[in-house]
Structure formats: structure tokens, C-alpha cells
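As a plain string of letters, each chain reads:
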Amino acid sequence: MNIDILRNISLFSSVKESDLEKRMAGNHIYQKCYMKGVTVHNANETCSTLDIVLSGSLVAYSLSTNGSATTMFQFSQGSVIGANLLFGENHSYPLNIYCLTDCQMIHVDINAVLEFLHDYNFTLHYIKSISQNSQGINQKIAMFTQRTLRENIMDYFKQQAIIQKSSVILLPMSKRQLADYFGVQRPSLFRELKKLKEEDIIEINNHTITIKKEY
């Protein structure tokens, strides 16, 4: 792995190059590629590394007793996984984490993280990733308990528009997976998307969504 890859990640921007090289040489920091469809972490597996997504898209999902999957969180380039688990009383992943596409990830073991936490900038970014995780949980709670499906759909599209810097967005998951993400059946999602299209709020072209009006 090239050290320049780490230098381009804000988490490591102020960590001494010699410290990064030492940890890379000891295989405490390593890069790994995953194929589409691979499960990176299983629910109840012990979290022992801090993971950074270099490329690709992943989801965290839960399985019910009848075998149906509910998508809880989505991860893409720049996402940090495991920061909230490494030092908790319970170190286990609560959900399965699965690759929607081919992915490249950086893994940093707990000993390297402990050393890097002496760096002020690393610590700030680490705390930020924990905060983002908490905000994601709060959004999911609100999605299930407070907002309508239409509000959740438009909020998700607006978030993707900000991430992709365009009102024309490419859905990073299938509509089936999107229905799982919202915790609804596919027909319910399709009906709401159809209504939004008929009201000229969005345009739908396969996996591309155009936001035409503010909602």
C-alpha cells in the first residue's frame, strides 16, 4: 500500500509519516479489496479494526427470523466503520456489513488506533466519525417513528444530491435495497415514487433520479 493513500485521508493527515510507515510495515495498517456480494463483517463478530472505505459501496443490514433483510446504514467512499465499537463495552458488530459493489478498504488494528489517538488531529476526526454514526442512528430512529415514507424518500434523495453535488443522482443501491433501507415493502416504495413522479417532483429513469422541485 502506498503511503500517499493514507495521506489523502483526513484521519491520517497529521500523523507522522514514520509512524504510518512503521505500522504499515508491521501489517497494523493494510489495504484489502472485496468483491461485490462479499460480507466484510458478520453480526456478532468482534470488531478489532477501524475501517475506511476507499472506493465502492456497502450496507449494514439486519436479518429477521423469517430471513428478510432490513438495510440500516449505507457506506461509501470516505466512510469510517467501527470507530464506535472498538473501545465500547460490547465490541461486536450489531449488523452484517455487505458489499453492494467491488470495494477497497483500509483496515487499522486497535493497537495502531491507540497510538494514533495521541495525535490531536486524528482524535478530532475519530470523534467526528463517532458523532456521524450517532447522527445516523438518530436519523434512522426518526425514519421509523416520526416521518412519512414520502419525507424519508425526499430526505434521502436530497442527501444524495449533496453527496453527488447534482440534482440528478445515481441511486447507489437497487430499489429493492432502497425499500429495505426505508423498512417498507417494495410495492409501498414504488407507489410513493410513482406519486412523486406524477406530481412532477422527481423524474425517474431506471437508477437515475432527477429532483425537479423542492419538497
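Preceding this section is the structure that the text describes.
Quick summary incoming for the structure in this document. Treat the numbers as computed from the prediction; the structure is a model and nothing was measured.

Cut-offs used in this document
Residues numbered from 1 in each chain as written. Predicted model: local features only at pLDDT ≥ 70, side-chain atom pairs only at ≥ 80, totals over all residues. Heavy atoms only, no water. Helix = DSSP H or I, 4+ residues; strand = E, 2+ residues; numbered from the N terminus. Core = buried A, V, L, I, M, F, W, Y, C linked by side-chain atoms within 4.5 Å. Buried < 20%, exposed > 50% of the residue type's maximum accessible area, 1.4 Å probe, protein only. Contact = heavy atoms within 4.5 Å. Salt bridge = Lys/Arg side-chain N within 4 Å of Asp/Glu carboxyl O. Expected span 1.5 Å × (residues − 1). Axes fitted to C-alpha atoms, helices over the stretch in contact; angles between N-to-C directions. Parallel < 35°, antiparallel > 145°, perpendicular 65-115°, else oblique. Nonpolar A, V, L, I, M, F, W, Y, C, P; charged D, E, K, R; others polar.

## A word on the environment of Asn 152
By the element assignment, Asn 152 lies in helix 5 (residues 149-164). C-alpha of Asn 152 to C-alpha of His 107: the two residues are 45 residues apart in sequence and 32 Å apart in space.

## With respect to the nonpolar core
By size, the foremost hydrophobic cluster in this structure holds 37 residues, and its most contacted members are Phe 12, Leu 50, Leu 58, Val 108, Phe 116 and Phe 122. In this structure Leu 50 touches Leu 11, Val 80, Ile 81, Gly 82, Ala 83, Leu 86, Ile 106, His 107, Val 108, Val 113, Phe 122 and Tyr 126, once residues within four positions along its chain are discounted. Of all hydrophobic cores here, the second largest spans 23 residues; its members include Leu 100, Leu 149, Tyr 156 and Leu 189.

## Notes on the pattern of salt bridges
Under the definition given, this model contains six salt bridges. Between Arg 150 and Glu 192 there is a salt bridge, with its nearest N and O atoms 2.9 Å apart. On the criterion of sequence distance, the pair formed by Arg 150 in helix 5 and Glu 192 in helix 7 (residues 186-198) is long-range, its members being 42 residues apart. A relative accessible area of 13% places Arg 150 in the buried class. We classify Glu 192 as buried; its relative accessible area is 13%. Linking Lys 197 and Glu 203 is a salt bridge whose minimum nitrogen-to-oxygen distance equals 3.9 Å. Of the residues examined, Lys 197 reaches a relative accessible area of 38% and is grouped as partly exposed.

## Observations concerning helix 5
Here helix 5 spans 22 Å end to end across 16 residues, near enough to the 22 Å set by a 1.5 Å rise per residue. Phi turns positive one or two residues past the end of helix 5, at Lys 165, with a value near 55 degrees.

## What to know about helix 6 (residues 175-182)
Across the eight residues that make up helix 6, a large majority, seven, are buried. For helix 6, every residue scored as buried is listed here: Lys 175, Gln 177, Leu 178, Ala 179, Asp 180, Tyr 181 and Phe 182. Immediately downstream of helix 6, the backbone of Gly 183 shows phi near 70 degrees, a positive value.

## What about the packing of helix 6 against helix 7?
Relative orientation of the contacting elements helix 6 and helix 7 amounts to 100 degrees, with a least axis distance of 9 Å. In terms of orientation, helix 6 and helix 7 fall into the roughly perpendicular class. Here Lys 175, Arg 176, Leu 178, Ala 179 and Phe 182 of helix 6 lie close against helix 7, whose contacting residues are Arg 186, Leu 189, Phe 190 and Leu 193. Its residues assigned to classes, the contact of helix 6 with helix 7 comprises six nonpolar, no polar and three charged.

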